[in-house]
Amino acid sequence: MFPTAAGSFVPPAAVLCGLAGWVPSRVVTNEHLARRLDTDDAWIRTRTGIRQRHVVDPGQATSDLAVEAGRRALVSSRTDTVDAVVVATTTPDHTCPATAPAVAARLGLTGVAAFDIGAVCTGFVYGLASAAGLIAAGVAERVLLIGADTYSTIVDPLDRANAIIFGDGAGAVVLRAGHPGEPGAVGHFDLGSDGAHEDLIMVAAGGSRRRSLPGEPSREQRHFAMRGKEVYRHAVTRMAESARATLSRAGWKIDDVDHFVPHQANLRILHSMADDLGLPRERCATHVESVGNTGAASIPLALADAAVRQAFRPGDRLLLTAFGGGITWGSCLLTWPSLPRQERTTS
């Protein structure tokens, strides 16, 4: 607990002290996709802004990417111990058990608390809130939070609408207990959901709902499905509302935001979001062009990319916001810390 000027005490804040990203080495360009889909580079770029994405090799799983990103984040934080490991993912290695315990064990962190978060593309923001809660409650002094997804394992490679959008990757942060006013502090969250729209983004088969029915699931039910136009409308509206709510709770104006880091869904949504909030587009951090939509990994990968490019300065004020299946949404604020120089996110 930290004393205030009035003599009261406030709980510790989660402070970002380590950061890293990792994407698999195999690159799939728009030209590669054009060979099997009825599309071309210009069509993809016009609608998504994406020029390439990274995908796992056969036999490579979400945990493999999570372990590498987590290892690098620990190096960045100059520590090899944490009290909890949280993995936000839509593509766990198995339906049962969770992926986080295996990731923790492979990082030499056997014995620590470890669990998964399933909030689809909002997973990293939900994970930040969960990690901040563990630290505020005194359950953990340090938390390793990893957003990792391998969408190439659930997207139908012949699905023209979705195969062009998604890529695989992992991003990780280490959070430590610290003072709410120091650089790196995460604070002022807004989280929400509306399960009445669960069918907007869904893999119908694989869980208990479909398994309780007779017969085999269809090809469509086994793969990721998204109703793009409706998702676009909900995403822009929900993220803008959440971002404004978060700013209001902190007493910030939109002009106080130095950098806007939204979920990297596609470039059109990112630009629409910035325009809706009244932020210049140049303040919007984008990484989607080179990695695609990487789900729960997208925000930490965008942060890691910005760190590599030294695009943020210590003390800069960041607004993070995301939207995902469920449907879910969330936002939070972050004051940028001083971090060691970052490694590139590929080998």
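Anyway, here's the lowdown on the structure attached to this text.

Procedures and definitions
- Residues numbered from 1 in each chain as written.
- Predicted model: local features only at pLDDT ≥ 70, side-chain atom pairs only at ≥ 80, totals over all residues.
- Heavy atoms only, no water.
- Helix = DSSP H or I, 4+ residues; strand = E, 2+ residues; numbered from the N terminus.
- Buried < 20%, exposed > 50% of the residue type's maximum accessible area, 1.4 Å probe, protein only.
- Phe/Tyr/Trp six-rings, centres within 6.5 Å; stacked < 30°, edge-to-face > 60°.
- Expected span 1.5 Å × (residues − 1).
- Pairing = 2+ DSSP bridges.
- Salt bridge = Lys/Arg side-chain N within 4 Å of Asp/Glu carboxyl O.

Some points on the side chain of Ser290
If you trace the backbone, Ser290 turns up in helix α11 (residues 288-291). Using a relative accessible area of 15% as the deciding quantity, one classes Ser290 as buried.

Focus: the packing of aromatic side chains
Given two aromatic rings, one states the distance between the centres and the angle between the planes to describe the pair. Taken as a whole and judged by the stated rule, the model has 4 aromatic pairs. Ring centres of Tyr151 and Phe224 lie 5.6 Å apart, and the angle between their planes is 85 degrees; on these two criteria the pair is classed as edge-to-face. Placement of Tyr151 in the loop between β8 (142-150) and α6 (160-163) and of Phe224 in strand β12 (residues 224-226) is noted, with a sequence separation of 73 residues between them. Both rings, one in Phe166 and one in Phe224, keep their centres 4.9 Å apart while their planes meet at 70 degrees; by these two values the pair is edge-to-face.

A look at helix α3 (residues 62-77)
The first and last C-alpha atoms of α3 sit 22 Å apart over 16 residues, in line with the 22 Å expected at 1.5 Å per residue. Along α3, 13 of the 16 residues are buried, which leaves the element largely enclosed by surrounding structure. Downstream of α3 by a residue or two, Arg78 has a phi angle that is positive, lying close to 60 degrees.

Description of the pairing of strand β15 (residues 328-335)
Every regular strand shows the same layout, with side chains that alternate between the two sheet faces. The buried fraction of β15 is high, at 7 of 8 residues. For strand β10 (residues 185-193) and β15, the ladder comprises 6 bridges, and the chain directions are antiparallel. For Ser193, the partnering residue across the bridge sits in β15 and is Thr328. Looking at chain direction, strand β14 (residues 317-324) and β15 are connected through 8 bridges and run antiparallel. Residue pairing in the sheet places Phe323 in a bridge with Trp329 of β15. The loop that links β14 with its antiparallel partner β15 comprises 3 residues; one of these, Gly326, has a positive phi angle of about 135 degrees.

Concerning unusual backbone geometry
With an omega of 5 degrees, the peptide bond running from Cys96 to Pro97 counts as cis. Within the secondary structure, Pro97 is located in the loop between β6 (84-88) and α4 (100-106). Across the junction of Gly326 and Ile327, the peptide omega takes the value -10 degrees, indicating a cis bond. The residue Arg78 is not glycine, and still its phi comes out positive at about 60 degrees. One non-glycine residue, Gln310, lies in the positive phi region at around 55 degrees. Along the chain, Gln310 falls in the loop between α12 (298-308) and β14. With a relative accessible area of 55%, Gln310 lands in the exposed category.

With respect to the pattern of salt bridges
Opposite charge on two side chains lets them pair, provided their charged atoms get close. In total, this model carries 14 salt bridges according to the counting rule given. For Asp276, the salt bridge identified is with Arg244, shortest N-O distance 2.8 Å. Here Asp276 is found in helix α10 (residues 267-277), whereas its partner Arg244 is found in helix α9 (residues 228-250), with 32 residues between them in sequence. Where Asp305 meets Arg309, a salt bridge forms, and the shortest distance between an N and an O atom there is 3.0 Å. For Asp305, a relative accessible area of 16% gives the class buried. Salt bridges here are not isolated pairs; linked through shared partners, they connect Glu68, Arg71 and Arg72.

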